[in-house]
Amino acid sequence: PSMRELGKLIDKTTGSRTKIISLPPIIFNFISLFFESMAKIKKAQKPPKFNRFIFKSMYRNIRYDTTIATNELGWKQNVSLEEGIRRTNEIVSGEY
């Protein structure tokens, strides 16, 4: 699924409501540069949560494919994507 489709699936599976904001990439680029500049000025120990790497990651066309793992390693999917999302949410939210 696309990132937008995955976001909708996560919302459906976890019962959360995520607001997806569509802005031109140039706006996100300026925002990431602003956060990086502020972190540098403040001499932060950690990089900002929204930086150029995150920005570039948002606009990559990524599709995950398990064909090689299936064909060459004999991997088999044990749980559906929805179940994996549900389990991950339980662990992250401390319900596990």
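Use the structure listed above.
Throughout what follows, the structure given in this document is the object of discussion. (Residues numbered from 1 in each chain as written. Predicted model: local features only at pLDDT ≥ 70, side-chain atom pairs only at ≥ 80, totals over all residues. Heavy atoms only, no water.)

**Some words on the overall build of the chain**
Helix and strand content of the chain: 5 helices and 0 strands. Listed N to C, the secondary structure of the chain is α-α-α-α-α in terms of helices and strands. Computed over the C-alpha atoms, the radius of gyration of the chain is 18 Å, more than 25% above the 12 Å expected from 2.2 N^0.38 for a compact globule of 96 residues. Along the longest, intermediate and shortest principal axes, the C-alpha atoms of the chain span 50 × 35 × 30 Å. Residue burial in the chain is summarised as follows: out of 96 residues, 12% are buried. The contacts in the chain between residues at least 6 apart in sequence include a share of 46% that link residues at least 24 apart. Summed over its atoms, the accessible surface of the chain is roughly 8600 Å², and 59% of this surface lies on carbon and sulfur atoms. Placing the 17 positive and 9 negative side-chain charges of the chain at their respective mean positions leaves the two points 12 Å apart. (Helix = DSSP H or I, 4+ residues; strand = E, 2+ residues; numbered from the N terminus. Rg over C-alpha atoms; globule rule 2.2 N^0.38 Å. Buried < 20%, exposed > 50% of the residue type's maximum accessible area, 1.4 Å probe, protein only. Contact = heavy atoms within 4.5 Å. Areas by Shrake-Rupley, 256 points an atom, 1.4 Å probe, with all protein chains shown as cover. Lys, Arg positive; Asp, Glu negative; His and termini not counted. Charge placed at Lys NZ, Arg CZ, Asp CG, Glu CD.)

**Considering the environment of Lys-56**
Structurally, Lys-56 can be placed in helix 3 (residues 52-58). Overall, the relative accessible area of 53% leaves Lys-56 in the exposed class. Placed 24 residues apart in sequence, Lys-56 and Ser-32 show a C-alpha to C-alpha distance of 9.9 Å.

**Describing helix 1 (residues 3-14)**
Helix length check: helix 1, at 12 residues, gives a terminal C-alpha distance of 16 Å against a target of 16 Å (1.5 Å per residue), a fit within 8%. Immediately downstream of helix 1, the backbone of Gly-15 shows phi near 80 degrees, a positive value. (Expected span 1.5 Å × (residues − 1).)

**Concerning the packing of helix 1 against helix 5 (residues 81-93)**
As a packed pair, helix 1 and helix 5 sit with axes 9 Å apart at the nearest point and diverge in direction by 65 degrees. Between helix 1 and helix 5 the crossing geometry is right-handed. In this structure, helix 1 contributes Leu-6, Leu-9, Ile-10, Thr-13 and Thr-14 to the contact, and helix 5 contributes Leu-81, Glu-82, Ile-85, Arg-86 and Asn-89. Broken down by class, the residue content of the contact of helix 1 with helix 5 amounts to 5 nonpolar, 3 polar and 2 charged. (Axes fitted to C-alpha atoms, helices over the stretch in contact; angles between N-to-C directions. Left-handed = near helix turned anticlockwise from the far one by under 90°. Nonpolar A, V, L, I, M, F, W, Y, C, P; charged D, E, K, R; others polar.)

**Details of unusual backbone geometry**
The phi angle of most residues is negative, glycine excepted, and most peptide bonds adopt the trans form. Phi is positive for Lys-43, which is not a glycine, with a value near 55 degrees. For Lys-43, the location among the structural elements is in the loop between helix 2 (25-41) and helix 3.

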